[in-house]
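Structural characterization, general
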Amino acid sequence: MQLIETEKAVLPTPWGNFFIFGFEEKKNGKNHIALVYGDIKHSAPILSRVHSECLTGDALFSLRCDCGNQLEMALARISQEGNGVLIYHRQEGRNIGLLNKIKAYALQDKGLDTVEANQKLGFSADERDFSLCADIFNILNVKKIRLLTNNPFKVEMLSNAGINVVERVPIIAKRNTQNAYYLKTKADKMGHLLPK
Ligand SMILES: Nc1nc2c(ncn2[C@@H]2O[C@H](COP(=O)(O)OP(=O)(O)OP(=O)(O)O)[C@@H](O)[C@H]2O)c(=O)[nH]1
Ligand SMILES: [Zn+2]
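All values reported here derive from a predicted model rather than from experimental measurement. (Residues numbered from 1 in each chain as written. Chains lettered and ligands numbered in written order. Predicted model: local features only at pLDDT ≥ 70, side-chain atom pairs only at ≥ 80, totals over all residues. Heavy atoms only, no water.)

Here we take up the sheet that holds strand E1 (residues 3–13). Strands sit in the order E1-E2-E3-E5-E4-E6-E7 across an open sheet of seven strands; the sheet is mixed. If you trace the sheet from one side to the other, it starts and ends with E1 and strand E7 (165–169), each paired once. Pairs of neighbouring strands in the sheet enclose a mean axial angle of 25°, with direction left out of account. When strand E3 (residues 31–37) meets strand E5 (residues 84–89), the two strands line up antiparallel, connected through five bridges. (Pairing = 2+ DSSP bridges. Helix = DSSP H or I, 4+ residues; strand = E, 2+ residues; numbered from the N terminus. Axes fitted to C-alpha atoms, helices over the stretch in contact; angles between N-to-C directions.)

So this is what it looks like as structure tokens:
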């Protein structure tokens, strides 16, 4: 177990009252959270979102990406379902960190795409490690999930981390002129299943 479970509290949102669970990564003290809605103590697969931190998109209204919109859609979808889990996984910028993501954005402003920018900085396109998400699902006693994602490789990464993903549920965000090229790159180079 890589995590220490800290505390749980009520988190009221526009989509209803969630419980917020806090976790601390033993090796570096980093904090992660899970939002839980409704009763998840049943044997059917739990509708879940593993949302990778994107400060710019989730909190600062950036239109460069689809993260903020996906976060809202995931909470709304889980609330409609009546129960579910959203892990807010603090691996910003596909785990290159916030300041490197800003460097990657600067390279994208000069014409590189999101994959090329990561590579130019010495990273792979996706540096995330989902093993601690497996720990969170175990702590929450969630055995099987239906994962909200457009990324088949993420399903594979989660499965390799020991999470039983029984279904992929699409979560298609709004497209705008600022994120169109980014979404096209995710579809063309990273295998995301997005409408053309
Ligand atoms: N390095 C880098 N990270 C980015 C960029 N744009 C968004 N991100 C990060 O990408 C992460 C989200 O990953 P995505 O590739 O958008 O989507 P995903 O999680 O693989 O798939 P979905 O479940 O469909 O959202 C967040 O941590 C964002 O901060 C970028 O241009 N460069
Ligand atoms: Zn984003």
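Moving on, there is more to tell.
The subject of this paragraph is the UniProt feature "domain: GTP cyclohydrolase II" (unreviewed entry) in the protein. If you check UniProt for "domain: GTP cyclohydrolase II" (unreviewed entry), the listed places come out as residues 8–170 in our numbering. Secondary structure over residues 8–170 splits into 37% helix and 28% strand, and the C-alpha atoms at its two ends are 29 Å apart. (UniProt positions renumbered as here; feature names shortened; annotations may be inferred.)

Turning our eyes to something else, we now look at the coordination of the zinc ion (ligand 2). Protein ligation of the zinc ion (ligand 2) involves Cys54 (SG), Cys65 (SG) and Cys67 (SG), the donor distances falling in the range 2.2 Å. Binding-site remark: the zinc ion (ligand 2) is held by donors from one chain whose sequence spacing is C-x10-C-x1-C. Given a relative accessible area of 14%, cysteine 67 falls into the buried group. (Donors = N, O, S within 2.8 Å, 3.2 Å for Na, K, Ca; no water. Buried < 20%, exposed > 50% of the residue type's maximum accessible area, 1.4 Å probe, protein only.)

A separate point is unusual backbone geometry. With a phi angle near 50°, arginine 94 is a residue other than glycine that sits in the positive phi range. Examined against the element boundaries, arginine 94 turns out to sit in helix H3 (residues 92–95). When its relative accessible area of 13% is taken as the criterion, arginine 94 is described as buried. Positive phi outside glycine occurs at asparagine 141, with the angle close to 65°. Turning to its location among the elements, asparagine 141 is positioned in the loop between helix H6 (131–139) and strand E6 (145–148).

Moving on: helix H7 (residues 152–160). Those residues of H7 that sit buried are Lys154, Val155, Met157 and Leu158. The arc that holds every buried residue of H7, seen down its axis, measures 165°, which confines them to one face. Residues of H7 that are buried sit in contact with strand E4 (46–52), E6 and E7. With a side-chain oxygen lying 3.0 Å from the backbone nitrogen of phenylalanine 153, the N-terminal cap of H7 falls on asparagine 151. Directly beyond the C-terminal end of H7, a positive phi value near 100° is found at glycine 162. (Arc of directions from axis to C-beta. Contact = heavy atoms within 4.5 Å. Polar contact = N/O pair within 3.5 Å; in protein donor to acceptor, adjacent residues only side chain to side chain.)

Lining the immediate environment of ligand 1, one finds 23 residues, of which Arg49, Glu53, Arg128, Thr149 and Lys186 sit closest. Contact distances for ligand 1 include 2.6 Å between an oxygen atom and a side-chain N or O atom of threonine 149. Taken by itself ligand 1 offers 660 Å² of open surface, and the protein chains cover 99% of this. Judged by its atoms lying within 2 Å of the grid points, ligand 1 is housed in the largest cavity. When contributions to the shell around ligand 1 are tallied by element, the ones reaching two or more residues are E4, H3, helix H4 (98–109), helix H5 (114–120) and helix H8 (180–190). In the shell around ligand 1, the residues fall into four nonpolar, eleven polar and eight charged. (Near = heavy atom within 4 Å. Areas by Shrake-Rupley, 256 points an atom, 1.4 Å probe, with all protein chains shown as cover. 1 Å grid on protein atoms, 1.4 Å probe; cavity = no way out; pocket = protein on both sides within 12 Å on 5 of 7 lines; lining within 4 Å. Sits in = over half its atoms within 2 Å of the grid points. Nonpolar A, V, L, I, M, F, W, Y, C, P; charged D, E, K, R; others polar.)

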